[in-house]
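Single-letter residue listing:
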Amino acid sequence: MSDHQTPRVNASYVSNFTGQNVRIAGKVLQIHGNSATIDAQGTVAIQLDAGTHIKTVGNVVEVIGKVNGDQSIKELFSSDFGPNVELSAIEAVVQATHTYRELFYDAKQ
Amino acid sequence: MSYYDGGYGGGAGYMNDSQGGTQATPGRSAAKNTLRPVTIKQILDAQTPHDDNTFVIDDVEIGHVTFVAQILSISDQETNSTYKMEDGTGSIEVKFFRGERNSMVDDDGENESSREAGLQINTYARVLGSIKQFNNKRNITTHSVKPVTDFNEVQCHFLEVTAVHLHFTRGPPESQQGRSAGGGGAYQHGGAGSYGEDTAMGGTGAAGAVSGGTMLPPGISANARKIYAHLKNRHDSSEGMHVAMIAQTTGISMGETYKAVDELLTNGVCFTTMDDEHIACMDF
């Protein structure tokens, strides 16, 4: 069951989830070949998958991926949310996820 | 015996202690008409205290649920489509029945096919359905799966989930108490289900109305709210009401009643009168 859990995080939570799958949403800052950076309350590097949906700088994307040892994220899947998404709401969801964890994910032992 | 003299909302103003005379578990039928935003994790974690098909989250009985999640796979069968969905908190199968869909709402007869076409693997969709359990496996049966077109809905949903969870576990925020007879009342009705046995809608309506006008602290439990509302509505009792009597008339168990009364006393909204077991409310 917890295999399917991908807690929603921002840049500052990434380091708590090394080796695990997470969801991170943010604004695309740069795309260079097979890597990109997004702003999710801090800059996060994404290692792009071949089938990535991260194509437009300035759009908000949600990335499901695995946190590497260097705190970058290896993309498994992404969704393009378009340019008109409220970033403060995304941040509020991240805070709710970790403050009321019982609703969102089980802690890894 | 006493009537609640306020808040006969929801079309079910039973006398509070007249359960014997009413048919078929009023608490449950009341809960059936509720819709609660949830995460899939909450669905999987929901308890089944009474039987396999009555689900309880945060001590509140669940009627219908709604959630926003991504479609992992789609399999179309003769009578239904099964969507495997996940929202980052867990995954669950959603069974979408065509027959039920056709009979549900008549205005969506034409765009049904195009709506289904919008539901593709990996897209976000909003589901509205009910929880079923079969062979210890939970799934959702539904008549409404709609693609999410504005991604703010995803964030909105999770914030709504959190707000409703906090409402049930900690009570409404102070700023909303003034209108809890209306908006909060709707949640309170859901609350009626959890004390299922002989809670009547009229009673919880009254609870909503009363707590709206007073200064119950936000952290107060649903039982304590209900008792407070009950005491508040008895205008004849300057000497207070005995705990056993409170338990009997509100349908809350003795143990829970003591706990709730204790909470009210600690918060200074009620006081003991002629002995430790007679309770009255502060602002009579």
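Positions within a chain are numbered from 1, following the residues in the order the chain's sequence is written. Following the order in which they are written, the chains are lettered starting with A and the ligands numbered starting with 1. Residue-level local features of this predicted model are given only where pLDDT is at least 70; pairs of side-chain atoms are given and counted only at 80 or more, and the full residue set underlies all totals for whole chains, interfaces and linings. Based on all heavy atoms of the structure, the side-chain values leave hydrogens and waters out of the count.

### Remarks on the confidence of the model for chain A
Phase 1 of the analysis: Each residue gets a pLDDT score, which is the predictor's confidence in that residue and runs from 0 to 100. Residue-level pLDDT values for chain A average 93, and 96% of them are 70 or greater.
Phase 2 of the analysis: Going along the chain from the N terminus, every DSSP run of H or I of four or more residues is numbered as a helix, and every run of E of two or more is numbered as a strand. Element-level mean pLDDT values for chain A span from 95 in strand E6 (residues 73-82) of chain A up to 97 in strand E1 (residues 8-9) of chain A.

### Let's talk about empty space enclosed by the protein
Phase 1 of the analysis: Cavity means a closed set of points on a 1 Å grid over the protein atoms alone, one where a 1.4 Å probe fits but cannot get out, pocket means an open set with protein on both sides within 12 Å along at least 5 of 7 lines, and lining means a residue has an atom within 4 Å of a point. Grid points are joined across faces, edges and corners, and a volume is the space filled by probe spheres set on the points. Scanning the entire structure with this criterion turns up four cavities of 30 Å³ or more.
Phase 2 of the analysis: Put simply, the largest cavity is a space of about 70 Å³.
Phase 3 of the analysis: In terms of lining, the largest cavity is formed by Arg8, Val9, Arg23, Ile24, Ala25, Glu62, Ile90, Val93 and Val94 of chain A together with Gln155 of chain B.
Phase 4 of the analysis: Going through the elements one at a time, E1, strand E2 (21-32) and helix H1 (87-99) of chain A are the ones with two or more residues in the lining of the largest cavity.
Phase 5 of the analysis: Class assignment for the residues of the lining of the largest cavity results in six nonpolar, one polar and three charged. Each residue gets one of three labels, nonpolar for Ala, Val, Leu, Ile, Met, Phe, Trp, Tyr, Cys and Pro, charged for Asp, Glu, Lys and Arg, and polar for the others, Gly among them.

### A word on helix H5 (residues 152-170) of chain B
Residues and elements named next belong to chain B.
Phase 1 of the analysis: Take the residue count of a helix, subtract one, and multiply by 1.5 Å to get its expected span. Between its terminal C-alpha atoms H5 stretches 26 Å, which fits the 27 Å expected from 19 residues at 1.5 Å a residue.
Phase 2 of the analysis: For every residue, the accessible area (1.4 Å probe, protein chains only) is compared with the maximum for its type, and the residue is labelled buried under 20%, exposed over 50%, or partly exposed between those bounds. By the burial criterion, the buried members of H5 are Val154, Gln155, His157, Phe158, Val161, Thr162, Val164, His165, Leu166, His167 and Phe168.
Phase 3 of the analysis: A positive backbone phi angle near 85 degrees is found at Gly171, which sits one or two residues after H5.

### A short note on the interface of chain B and chain A
Phase 1 of the analysis: Taken together, the contact pairs 25 residues of chain B with 28 residues of chain A.
Phase 2 of the analysis: Once two parts are put together, the accessible area they lose, assessed with a 1.4 Å probe and summed over both, is termed the buried area. For the pair chain B and chain A, the summed buried surface comes to about 2200 Å²; carbon and sulfur atoms form 59% of the total.
Phase 3 of the analysis: For chain B, the biggest contributors to the area lost against chain A are Lys41, Phe151 and Gln155 of chain B; these three give 24% of the whole.
Phase 4 of the analysis: Take a side-chain nitrogen of Lys or Arg and a carboxyl oxygen of Asp or Glu: if they are within 4 Å of each other, that pair is a salt bridge. Applying the counting rule to chain B against chain A returns two salt bridges.
Phase 5 of the analysis: Here Lys41 of chain B makes a salt bridge to Asp106 of chain A, at a shortest N to O gap of 3.4 Å.
Phase 6 of the analysis: Any N or O atom pair separated by 3.5 Å or less is treated as a polar contact, with the protein-specific requirement of one donor-capable and one acceptor-capable atom, and with residues adjacent in sequence counted only for side-chain atom pairs. At the boundary of chain B with chain A, the tally comes to 15 residue pairs in polar contact (both at pLDDT 80 or more).
Phase 7 of the analysis: Secondary-structure elements contributing two or more residues to the side of chain B that touches chain A are helix H2 (40-45) and H5 of chain B.
Phase 8 of the analysis: When residues in the side of chain B that touches chain A are grouped by element, the largest group, ten residues, is from H5 of chain B. When checking whether two residues touch, look at their non-hydrogen atoms; a contact exists if any pair is within 4.5 Å.

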